[in-house]
Amino acid sequence: MRKVIVTISVFMIVILLIITIYRVGDLEKRYVNGFFIFRSQENQKYENIGTFNVGYKIVDIQYKDETGKLQTMTTAIWYTTDKKTNEYAYQTVKDKLRLGKILSRVAVDAPVKKSSEKYPLLMFLHGGYICGTESLFLTEYLASNGFIVAAPDFHDDAYLCRIKGGRYDSLLTVLEKLKKFRSADASTSIRLLSEHQRVPGTSRVIDKLLEFNKDSKSLFFETIEENSIGVIGHSYGGRTILGLIGAHPQKEMLDKRIKSAVILSGAVFPFEDTLNNIKIPVMIMQGDDIDDVDTHSIPRRKVFDDAMPPKFFLRLKNGLHGSFYNGICDKYSDINKCQKSSEFAKVINSYSLAFFNRYLKNDLNGEILLNTQSPILKSYEKEFD
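What this report covers is the structure whose coordinates are included nearby. Every value quoted in this text rests on a predicted model; they were computed, and no experiment measured them.

Comments concerning the pairing of strand E7 (residues 119-125)
By the criterion of burial, E7 is predominantly enclosed, with 7 of the 7 residues buried. Judged from the 3 bridges that link them, E7 and strand E8 (residues 148-152) form a sheet pairing that is parallel. Note that in E8 the partner of Met123 across the bridge is Ala150. Crossover handedness for the path E7 to helix H2 (residues 136-144) to E8: right-handed.

Right, here's the structure in full:
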């Protein structure tokens, strides 16, 4: 009996200490992606819906490419705002690559929320032959949690959607282009990353966004933390990321401003032999067994195997290559409901946020989630520093 009393007493003391340290009124226990975490009410981390309202602006960014030709890159930008949101209909790609409307709530052209700290910048790089608004559940979510998220429309030689809507190619045309694209050899694939203004274009868009950060007339004046830049991308966007973070054979393509990267079912080819040049934190997500290899039969996990730590590798149970774009939201009436209800959206959003909080904001609380495996994941491997 005495042992029982002592055990209960020790347990009560531990509980009282926890309450004293964290303050009773500020802690809630939240069920996130199949497991519980504690979080402060003042700093809502890893919720399915973010802390802040989302602002949205479309800008045409102009720059001269490596040949001196003037390029225009239409870019969607999501960010934190205090302003009231209104219903907004994106014209973008949906399930089975159909073009249609997706509803959400954003504050168009609203000012960025004033903060004592500037916001990290994330570049979202879309998959081949689609557009910057391909993963709205993710880009809006990251913006609602204190990031500025910019997604360019790359200059692929065909496309099913564009940020501004307007002209687009038929699915048949895109599939014909895609077949040729997938059969390209290594040298052609590397060349196309420049022709499509993906690897060099991403860096030039970053250049312009940092110019906006110094322009007192810009909406983004003094809002970007220039030493906290990350990239996240799907499919061809994943290949683009590899070219930007060290795997490209042309060393001048390395953008040293990029401090961390998340790759969503990304293509590894043609960089399978140079992945050990990646020296920044990386997170690799893919679908289930059917999504294990890219179109050149190279395992997606090879990035995890070869890159330097810290690194993370996540496989979504029953997930597909297409589980990372708007198609997963098709059965929901709007993006908000998709973020709350789609198991794929929840796990993609929460792990991406935890990763970028840890490696761009230096928020050690991100490791709480990064050290936990959600039941939605078929497997999860990690290697910290």
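Let's pick the thread back up.
Quick look at the layout of surface pockets
In this structure, the largest pocket occupies an estimated 630 Å³ of space. Lining of the largest pocket is provided by 29 residues; of these, Leu178, Arg182, His234, Ser235 and His321 occupy positions nearest its centre. Mapped onto the lining of the largest pocket, the elements with two or more residues apiece are helix H3 (171-182) and helix H6 (236-244). Ranked by residues supplied to the lining of the largest pocket, first place goes to H3 with 5 residues. Class assignment for the residues of the lining of the largest pocket results in 13 nonpolar, 10 polar and 6 charged.

Thoughts on the state of the cysteines
In this structure the tally under the stated criterion is 2 disulfides. In this model Cys131 forms its disulfide with Cys161; the gap between the sulfur atoms is 2.1 Å. Residues Cys131 and Cys161 share a disulfide whose torsion about the S-S bond is about -100°; that sign makes it left-handed. Here Cys131 is found in the loop between E7 and H2, whereas its partner Cys161 is found in the loop between E8 and H3, with 30 residues between them in sequence. Both residues of the pair, Cys131 and Cys161, count as buried. Across the disulfide from Cys329 sits Cys338; the S-S distance is 2.0 Å. Disulfide Cys329-Cys338: the torsion about the S-S bond is -65°, which places it as left-handed.

Here we look at H6
Among the 9 residues in H6, 9 count as buried, and that is most of the element. Of all the residues in H6, the buried ones are Tyr236, Gly237, Gly238, Arg239, Thr240, Ile241, Leu242, Gly243 and Leu244. Looking at the residues trailing H6, positive phi occurs at Gly246, about 130°.

Here's the deal with the sheet that holds strand E5 (residues 86-93)
Either a parallel or an antiparallel arrangement is found when strands of a sheet pair, and the pairing is made through backbone hydrogen bonds. What the 11 strands build is an open sheet, ordered E5-E6-E3-E4-E8-E7-E9-E10-E11-E12-E13; its pairing is mixed. In the strand order of this sheet, the two ends are held by E5 and strand E13 (377-383), each with one partner. The sheet shows a mean angle of 25° between the axes of neighbouring strands, direction not considered. Taken together, the 2 bridges between strand E3 (residues 53-64) and strand E6 (residues 99-108) define a ladder with parallel strand orientation. Within E6, the residue paired with Gly55 across the bridge is Ala107. Most of the contacts of H2 go to strand E4 (residues 70-81), to which it runs at about 60°, and overall it touches E3, E4, E5, E6, E7, E8, strand E9 (224-234) and strand E10 (258-264). The strands touched by H6 are E7, E9 and E10; relative to E9, the strand with the most contacts, the crossing angle is about 135°.

Notes on the packing of helix H4 (residues 186-195) against H6
Following both chains from N to C, one finds H4 and H6 inclined at 90°, their axes separated by 11 Å at the closest point. Classified by the interaxial angle, the pair formed by H4 and H6 is roughly perpendicular. Across from Ser189, Leu192 and Leu193 in H4, the residues of H6 making contact are Tyr236, Arg239 and Thr240. Among the residues forming the contact of H4 with H6, the class breakdown is 3 nonpolar, 2 polar and 1 charged.

Digging into the nonpolar core
With 62 residues, the main nonpolar core has Met123, Leu209, Ile245 and Ile278 as its most contacted residues. When residues in this core are grouped by element, the largest group, 5 residues, is from helix H5 (residues 199-212). If sequence neighbours within four positions are ignored, Met123 has contacts with Ala150, Pro152, Thr202, Val205, Ile206, Leu209, Gly230, Val231 and Ile232. With 48 residues, the next largest nonpolar core counts Ile163, Met283, Val347 and Ile376 among its residues.

A few points about the packing of H2 against helix H9 (residues 343-360)
The geometry of H2 relative to H9 is characterised by a closest axis approach of 10 Å and an angle of 40° between their N-to-C directions. Relative to H9, the element H2 is oriented oblique. Judged by the twist between their axes, the crossing of H2 over H9 is right-handed. Residues Phe137, Leu138, Tyr141 and Leu142 of H2 touch H9, and the partners they reach there are Ala345, Ile348, Asn349, Ser350, Ser352 and Leu353. Of the residues in the contact of H2 with H9, the class split is 7 nonpolar, 3 polar and no charged.

Conventions used here
Residues numbered from 1 in each chain as written. Predicted model: local features only at pLDDT ≥ 70, side-chain atom pairs only at ≥ 80, totals over all residues. Heavy atoms only, no water. Buried < 20%, exposed > 50% of the residue type's maximum accessible area, 1.4 Å probe, protein only. Helix = DSSP H or I, 4+ residues; strand = E, 2+ residues; numbered from the N terminus. Pairing = 2+ DSSP bridges. Right-handed = clockwise from strand over helix to strand, strands pointing away. 1 Å grid on protein atoms, 1.4 Å probe; cavity = no way out; pocket = protein on both sides within 12 Å on 5 of 7 lines; lining within 4 Å. Points joined across faces, edges and corners; volume = space filled by probe spheres on them. Nonpolar A, V, L, I, M, F, W, Y, C, P; charged D, E, K, R; others polar. Disulfide = S-S within 2.5 Å. Axes fitted to C-alpha atoms, helices over the stretch in contact; angles between N-to-C directions. Contact = heavy atoms within 4.5 Å. Parallel < 35°, antiparallel > 145°, perpendicular 65-115°, else oblique. Core = buried A, V, L, I, M, F, W, Y, C linked by side-chain atoms within 4.5 Å. Left-handed = near helix turned anticlockwise from the far one by under 90°.

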